[in-house]
Amino acid sequence: MVRCYKALSNPPPSCYNLHKVKIHVRRPRSGNGGSSSSCARDQQLQLESSGRAGSAGGTPNRRTRFRLQFPQLALRRRLGQLSCMSRPALKLRSWPLTILYYLLPFGALKPLTRVGWRPMSRVALYKSVPTRLLSRAWGRLNQVELPTWLRKPVYSLYIWTFGVNMKEAAVEDLHHYRNLSEFFRRKLKPQARPVCCAHSVISPSDGKILNFGQVKNCEVEQVKGVTYSLESFLGPRISTEELHFRQASPGNSFQQQLVTKEGNELYHCVIYLAPGDYHCFHSPTDWRVSHRRHFPGSLMSVNPGVARWIKELFCHNERVVLTGDWKHGFFSLTAVGATNVGSIRIYFDQDLRTNSPSYSKGSYYDFSFISNNNKEGIPMRKGEHLGEFNLGSTIVLIFEAPKDFKFHLKAGQKIRFGEALGSL
């Protein structure tokens, strides 16, 4: 309620005395849909004026006073309608408006923020992009067979853009690859990647070292300064029958339960595969794979710039976790999907299907390679072919080793499959 008092001792004939004006504004409920017609219909202005005409030639009547105050009341009514209309009306177009808000120069859409509209954050806007749908469309495009005359120009453009070294490919003739998918999954010459036998753990793929080191406080660094939960990344503990985990106790954290031998520590290494890198990945050591866990999820880019931007990026993206053990205890290799990398293939796992059209958020699917006929799981030798991506992505190694294990790496360095990661 707004009260306005204005008293004049000797009012001239052209001035009028408004003793009291009451304005009652009834705002619409928040759940009414927010349309402009319902907002204007529900908003009611009631005017009550006290005082009556004292003389025939002086004080105006009620209709005259209302007409004199109409411009001010109309302005308030219009502003009230605009405030209740702005959010619901602009919310329907918030996604394209937010893109224009960040793209247009000189803050062209900043005036919209004065009437209640707020743009989406850059992270929320990026998460709203249908990356899974785009990745499936890209996968279909990759399988389209190209005409022979078009193969060399298309592949040459890709080689020039991403710096691909075709001299290492087993088949250098570009006309040999019928589609982009075959070109991405090209094999290398046997002598192109010699496997280092002097070190216990080698790089499973070509790529760039994003981070490495010892796991602390049940958290793993995806890039420097940005961490994610170890339990969220690997999922709940697997049964002790498949892996020789410690028995769960109230005092043991998830990290302590993964360590099977006294005096050992848990280590991690993150390798980013760029689009121009060799897209197959191999076994980093001699170990046996006993379990596979598939996490459906988003397919956001795993570029280091985006990894610094989005917290727990690797926990949001689709990934395939292979767990088992090696001579020092627990060992795991995780293939993380990314934009246009909807297909993650594991050679010995024919039942794995990634980038399905629909999935339940937070769900995962387990599969055990230990059975009555095969109690040892899948044995893998160092350097043996393990799987492949359709485009660049990320490999995350998490393993148990003695305290004297040393990495022979530098953050940000380029590495190739077969080169040493670390040794005892």
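Residues numbered from 1 in each chain as written. Predicted model: local features only at pLDDT ≥ 70, side-chain atom pairs only at ≥ 80, totals over all residues. Heavy atoms only, no water.

The next subject is the nonpolar core. Core analysis: the largest hydrophobic core is formed by 32 residues, its most contacted members being C269, F281, W287, I395, F399 and L421. Of all the secondary-structure elements, those providing two or more residues to this core are strand 7 (264-272), strand 9 (287-295), strand 10 (319-326), strand 11 (329-336), strand 12 (344-346), strand 14 (378-380), strand 15 (385-389) and strand 16 (394-402). No other element matches the four residues that strand 16 contributes to this core. V270, V302, V321 and A338 belong to the second largest nonpolar core, which has 29 residues in total. (Core = buried A, V, L, I, M, F, W, Y, C linked by side-chain atoms within 4.5 Å. Buried < 20%, exposed > 50% of the residue type's maximum accessible area, 1.4 Å probe, protein only. Helix = DSSP H or I, 4+ residues; strand = E, 2+ residues; numbered from the N terminus.)

So, about the pattern of salt bridges. All chains considered together, the criterion is met by 14 salt bridges. Close ionic contact of E145 with R151 constitutes a salt bridge, the shortest N to O distance being 3.5 Å. By relative accessible area, R151 is classed as buried at 8%. Salt-bridge contacts for K414 lead to D277; the nearest nitrogen and oxygen are separated by 3.5 Å. (Salt bridge = Lys/Arg side-chain N within 4 Å of Asp/Glu carboxyl O.)

One face of the sheet, then the other: side chains in a regular strand alternate in exactly this way. Relative to strand 19 (residues 420-423), strand 3 (residues 201-202) is paired through two bridges, and the arrangement is antiparallel. Pairing of V201 across the sheet is with G422, part of strand 19. For strand 17 (residues 406-407) and strand 19, the ladder comprises two bridges, and the chain directions are antiparallel. What sits directly across from K406, in strand 19, is S423. (Pairing = 2+ DSSP bridges.)

It is worth spelling out unusual backbone geometry at this point. The phi torsion at N217 lies on the positive side, around 55 degrees, for a residue other than glycine. Relative to the assigned elements, N217 resides in the loop between strand 4 (207-214) and strand 5 (219-223). Phi is positive for C218, which is not a glycine, with a value near 60 degrees. Relative to the assigned elements, C218 resides in the loop between strand 4 and strand 5.

Okay, helix 6 (residues 148-162) next. Counting along an α-helix, one turn takes 3.6 residues, and residues three or four places apart therefore face a common direction. With 15 residues, helix 6 extends 22 Å between its outermost C-alpha atoms, agreeing within 8% with the 21 Å of an ideal straight helix rising 1.5 Å per residue. Contacts from the buried residues of helix 6 go to helix 7 (180-184). Positioned one or two residues after helix 6, G163 has a phi angle of 65 degrees, which is positive. (Expected span 1.5 Å × (residues − 1). Contact = heavy atoms within 4.5 Å.)

The next subject is the environment of F367. When you line up the elements, F367 lands in strand 13 (residues 365-368). We classify F367 as partly exposed; its relative accessible area is 30%. Distance in space between the C-alpha atoms of F367 and D349 is 9.5 Å, their sequence separation being 18 residues. Ignoring sequence-local partners within four residues, the contact set of F367 consists of H291, R292 and D351.

As summarised here, the arrangement of the three strands in space is 3-19-17, forming an open sheet in which the pairing is antiparallel. Looking along the sheet, the strands with just one partner apiece sit at the ends: strand 3 and strand 17.

So, on to the packing of aromatic side chains. Enumeration according to the criterion identifies 24 aromatic pairs in this entry. Residues F331 and F399 carry aromatic rings whose centres are separated by 5.5 Å and whose planes lie at 25 degrees to one another, so their mutual orientation is stacked. With F331 in strand 11 and F399 in strand 16, the pair connects residues that are 68 residues apart, well separated along the chain. For the pair F331 and F399, one class covers both residues: buried. Taken together through their ring pairs, the aromatic side chains of F212, Y267, W287, W326, F331, F399, F405 and F407 make up a single cluster. Over the ring of F183 we find R186; its NZ or CZ atom is 5.0 Å from the centre of that ring. Above the plane of the ring of F295 lies R319, whose end atom (NZ or CZ) is 4.0 Å from the centre. (Phe/Tyr/Trp six-rings, centres within 6.5 Å; stacked < 30°, edge-to-face > 60°. Lys NZ or Arg CZ within 6 Å of the ring centre and 35° of its normal.)

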